[in-house]
Amino acid sequence: MGEGATRKSKRWAELEQRILDERERGRCFAARGRYDVRLLRRHIAHGLIVEPFPRLFVMNDCWRTLRPDARYLHIVRALAARDPDMVFCSHSAALVHGLPVSYRLLDQVHCLTNPAAPTKSRGMLRRHGMVPHAVTSVDGIRVISLVEAAVDSMVSAPFADALAVADGLLRKLDISRDVLQFIVEELAGSRHGVATARRAAAWADGRAESGGESIARAVMIEAGMSPSDIQPAFSDPVEPWREVRPDFCFLLKDGSAALGELDGLDKYDDPELTQGRSTTEVLARERQRESHLTLLDMPVVRFSMHDVLTPGRLVYLLSVGGVTPSTLAPGDYRATGDGRPRQ
């Protein structure tokens with residue numbers, strides 16, 4: 001028994017090192033042999049590792065630190081490494097392309113199957129029998145093209161999540177809302193869910209700076225409280241040579257206005273938004289920005305993603321700031337831009 005335990009201990013050490021090596025590559029470890037799978041699963045009970053997808057393993061201490069989108073990409077990268085011929089589609093491809101896919105859509109991994117000899121979906125793996133217009137590679141992962149991935153995601157997502165993807169595509173390609181609507185008509189055709197994709201394209205705007213802002217705006221649209229402008233530029237009351245931009249602006253019938261601000265975590269940990277600054281620096285700049293917005297002498301309604309996702313909560317907070325369907329002035333943000341991101 002002692003000799004067997006030594007052999008197992010040695011094998012576990014080898015597997016542990018391979019898991020750590022895969023972590024450096026940003027992916028889970030894909031176990032192949034039955035013995036290795038059994039050995040690894042025994043360590044799950046000890047809390048050392050987790051198995052987020054069948055036969056894929058990662059250290060628990062690493063897994064706990066990852067956001068849901070990063071966890072999902074760890075799984076996708078591992079599957080791509082295990083099967084280089086696998087082609088990802090829908091929400092999986094959209095996320096690999098860098099589009100803002102809602103965490104709510106990351107419960108399954110989406111890939112293509114041969115329409116002539118389809119393989120059934122199983123568990124977390126959902127197979128789609130579609131013939132893509134083009135297949136490309138992103139960081140070694142085979143995916144359908146960016147625009148097709150976006151539309152494929154939009155037709156199978158709720159309006160709010162489809163709008164986030166639509167906004168992200170406008171930002172990524174620097175295209176107008178009209179061009180996106182043409183793309184949806186060309187690629188979605190008569191697919192189930194095309195009505196949602198069309199609606200998302202019609203309301204899309206690349207000036208939104210994050211998926212969270214897009215989802216918040218969708219909630220406002222659904223409630224009949226679409227903002228009058230997004231990311232509008234105001235002269236900073238403290239430093240007039242600078243601009244300050246709230247997330248949302250609402251013009252009211254009485255001639256006044258109210259501002260809306262989403263308190264999202266992305267601005268503190270997204271490299272594109274932090275621009276190399278530390279969390280402390282970002283927090284300090286954000287607090288300064290908040291104080292300058294307050295000096296614009298307009299009500300500022302602040303809300304979190306929890307408020308956005310809690311039914312009725314965002315509508316209530318906006319109403320406290322004087323924003324309701326009956327107080328809003330006619331028109332919406334689409335009159336202030338064609339959907340292209342701000343330069």
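**Let's talk about the overall build of the protein**
Along the backbone of the protein there are 15 helices and 13 strands. For the protein, the residues scored as buried account for 49% of the 343 residues in total. Of the accessible surface of the protein, which amounts to about 17,200 Å², a share of 52% is contributed by carbon and sulfur atoms.

**Quick word on the pattern of salt bridges**
Scanning all chains against the criterion turns up 22 salt bridges. Note that Glu 14 is salt-bridged to Arg 11, the shortest N-O span being 2.8 Å. Residue Glu 14 and its partner Arg 11 are located together in helix α1 (residues 2-24), separated by three residues, close to a single helical turn. Relative accessible area serves as the criterion here: at 36%, Glu 14 is assigned to the partly exposed category. A salt bridge links Asp 332 to Arg 334, with the shortest nitrogen-to-oxygen separation between them at 3.1 Å.

**Considerations on the nonpolar core**
Core analysis: the largest hydrophobic core is formed by 96 residues, its most contacted members being Leu 40, Phe 88, Val 109, Met 154 and Phe 303. Broken down by element, the residue count for this core peaks at nine residues, all from helix α7 (residues 159-173). Excluding residues that lie within four positions of it along the chain, Leu 40 makes contacts with Trp 12, Leu 15, Ile 19, Phe 29, Ala 31, Ile 49 and Phe 57. Counting residues in each nonpolar core, the second largest holds seven residues, with Val 244, Cys 249, Ala 257 and Leu 259 among its members.

**So, the sheet that holds strand β11 (residues 248-251)**
Pairing within the open sheet is mixed, and its four strands lie in the order β8-β11-β12-β13. Here the strands that pair on one side only, and so sit at the sheet edges, are β8 (229-230) and β13 (300-304). With five bridges connecting them, strand β12 (residues 257-263) and β13 associate as parallel partners. Bridging from a neighbouring strand, Asp 263 pairs with Ser 304 of β13. Against the sheet, helix α10 (residues 211-222) makes contact with β8, β11, β12 and β13, and its axis sits at roughly 25 degrees relative to β11, the strand it touches most.

**As for the layout of surface pockets**
Space left empty within the atom packing is revealed by a probe, the size of a water molecule, rolled over the atoms. Of the volumes computed, that of the second largest pocket is approximately 260 Å³. Around the second largest pocket, the lining is made up of 14 residues, and of these Phe 53, Arg 82, Arg 122, Leu 125 and Arg 127 lie nearest the centre. The class makeup of the residues in the lining of the second largest pocket is six nonpolar, three polar and five charged.

**A short note on the sheet that holds strand β1 (residues 29-30)**
Spatially, three strands are ordered β1-β3-β2 in an open sheet, and the strand pairing comes out antiparallel. The sheet is open, and its two edges are formed by β1 and β2 (49-53), each paired on a single side. Docked against the sheet, helix α2 (residues 34-44) engages β1, β2 and β3 (56-59), running at close to 115 degrees with respect to β2. Seen against the sheet, helix α4 (residues 68-82) touches β1, β2 and β3 and runs at an angle of roughly 130 degrees to β3.

**Quick notes on the confidence of the model for the protein**
Looking at the protein, the pLDDT average stands at 89 and 88% of residues meet or exceed 70. Note on residues 1-7: pLDDT under 50 across the span, and zero contacts to partners over four residues away in sequence or across chains. Here residues 271-278 is a poorly scored stretch, pLDDT under 50, and it has nine contacts once near neighbours within four places are set aside; other chains count.

**Some remarks on the packing of α7 against helix α9 (residues 194-203)**
Packed helix pairs are specified by the crossing angle of their axes together with the interaxial distance, meaning the distance between the axes. Packing of α7 against α9 brings their axes to within 9 Å, and their N-to-C directions diverge by 50 degrees. Taken together, the axis directions place α7 and α9 in an arrangement best described as oblique. For the crossing formed where α7 meets α9, the hand is right-handed. Contacts from Phe 159, Ala 162, Leu 163 and Ala 166 in α7 reach Thr 196, Arg 199, Ala 200 and Trp 203 in α9. Classifying every residue of the contact of α7 with α9 gives six nonpolar, one polar and one charged.

**Things to note about unusual backbone geometry**
The phi angle at Ser 90 is positive, at roughly 50 degrees, despite the residue not being glycine. Along the chain, Ser 90 falls in helix α5 (residues 90-96). Although it is not a glycine, Asp 139 adopts a positive phi angle of roughly 50 degrees. Considering the arrangement of structural elements, one finds Asp 139 in the loop between β6 (135-138) and β7 (141-144). For Asp 139, a relative accessible area of 78% puts it in the exposed group.

Calculation criteria
Residues numbered from 1 in each chain as written. Predicted model: local features only at pLDDT ≥ 70, side-chain atom pairs only at ≥ 80, totals over all residues. Heavy atoms only, no water. Helix = DSSP H or I, 4+ residues; strand = E, 2+ residues; numbered from the N terminus. Buried < 20%, exposed > 50% of the residue type's maximum accessible area, 1.4 Å probe, protein only. Areas by Shrake-Rupley, 256 points an atom, 1.4 Å probe, with all protein chains shown as cover. Salt bridge = Lys/Arg side-chain N within 4 Å of Asp/Glu carboxyl O. Core = buried A, V, L, I, M, F, W, Y, C linked by side-chain atoms within 4.5 Å. Contact = heavy atoms within 4.5 Å. Pairing = 2+ DSSP bridges. Axes fitted to C-alpha atoms, helices over the stretch in contact; angles between N-to-C directions. 1 Å grid on protein atoms, 1.4 Å probe; cavity = no way out; pocket = protein on both sides within 12 Å on 5 of 7 lines; lining within 4 Å. Points joined across faces, edges and corners; volume = space filled by probe spheres on them. Nonpolar A, V, L, I, M, F, W, Y, C, P; charged D, E, K, R; others polar. pLDDT = per-residue confidence, 0-100. Parallel < 35°, antiparallel > 145°, perpendicular 65-115°, else oblique. Left-handed = near helix turned anticlockwise from the far one by under 90°.

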